[in-house]
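Each chain, written out:
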Amino acid sequence: MALTDLQLVQSIAAGDRGAFALLDERYRARLTGFLQGRQQLTRDEAEDVVQDVFATLVDRDCAALRSFEGRSSFYTYLCAIALRRLYRLRRQHLPAVDPTDPPAHEPSEDTREAEITAAQVRQAMAALPEQFRAALMLHHFGGLEYHEISDLLGIPANTVATRICRAKRRLKELLTT
């Protein structure tokens, strides 16, 4: 009989390296595919992130594994870790921009309007209640489906849909006033 993910996690936390190999085998390819498809990473980039995720699982005496309670699927849990890792990497690799530097070229009117809109969107997103912002970001920027967000946040899928709908409505209000 195959072990459940929770049983494997408990075995790994107890020091069973064979259980880690099983968990790795079960999810490595799927998580790599998720990052390539939904996050549009190259195979090498996706494999690097997945490697970091699996290393995180056993870091600090398996702290990340021990925090898995089985309320969501283990795959959803892995996706959440991968997305956090990916967002952190993307933030670290953003080029430093000195706001006092002159622009390389004179921006067009369309570009200026887009920059204002991007700034307004960031400000409006920050003004959303955390529960709305989290659901919206996981769906639109994380590429997760409603049921995956439901598992991750421990709320019904209908609640996820409602939060996303309300977040969009509130964003529209903030951006059109």
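None of the values given here were measured: they were computed from a predicted structure.

So, how was this worked out
- Residue positions are given per chain, counted from 1 along the sequence in the order it is written.
- Only residues with pLDDT of 70 or above have their local features reported here, since the model is predicted, and side-chain atom pairs are shown and tallied only from 80 upward, although totals for entire chains, interfaces and linings are computed over all residues.
- Computation of side-chain values covers all heavy atoms of the structure but excludes hydrogens and water.
- With axes taken as lines fitted to C-alpha atoms, and helix axes fitted only over the stretch in contact, angles between N-to-C directions fall between 0 and 180 degrees.
- Runs of E in the DSSP output that reach at least two residues are strands. Runs of H or I that reach at least four are helices, and both are numbered from the N terminus.
- Orientation is classified from the angle alone, with under 35 degrees giving roughly parallel, over 145 giving roughly antiparallel, 65 to 115 giving roughly perpendicular, and any other angle giving oblique.
- With the far helix as reference, a near helix turned anticlockwise by less than a right angle produces a left-handed crossing, and one turned clockwise produces a right-handed crossing.
- Two residues qualify as a contact provided that any one of their heavy atoms is within 4.5 Å of a heavy atom in the partner residue.
- Amino acids are sorted into nonpolar (Ala, Val, Leu, Ile, Met, Phe, Trp, Tyr, Cys and Pro), charged (Asp, Glu, Lys and Arg) and polar (every other residue, Gly among them).

A. Here's a closer look at the packing of helix α6 (residues 130-140) against helix α7 (residues 146-153). At a minimum axis separation of 10 Å, α6 and α7 run at an interaxial angle of 135 degrees. For the element pair α6 / α7, the angle class is oblique. Between α6 and α7 lies a crossing whose hand is right-handed. Contacts between α6 and α7 involve A135, L138 and H139 on the former and, on the latter, Y146, I149, L152 and L153. Classifying every residue of the contact of α6 with α7 by side-chain character gives six nonpolar, one polar and no charged.

B. Spatial organisation of the packing of helix α1 (residues 5-13) against helix α2 (residues 17-37). Two elements in contact, α1 and α2, have axes separated by 8 Å at closest approach and are oriented at 140 degrees. What the angle tells us is that α1 and α2 run oblique. For the element pair α1 and α2, the recorded crossing hand is left-handed. Contacts between α1 and α2 involve D5, L8, V9, S11 and I12 on the former and, on the latter, A19, F20, L22, L23, R26 and Y27. Residues of the contact of α1 with α2, tallied by class, amount to eight nonpolar, one polar and two charged.

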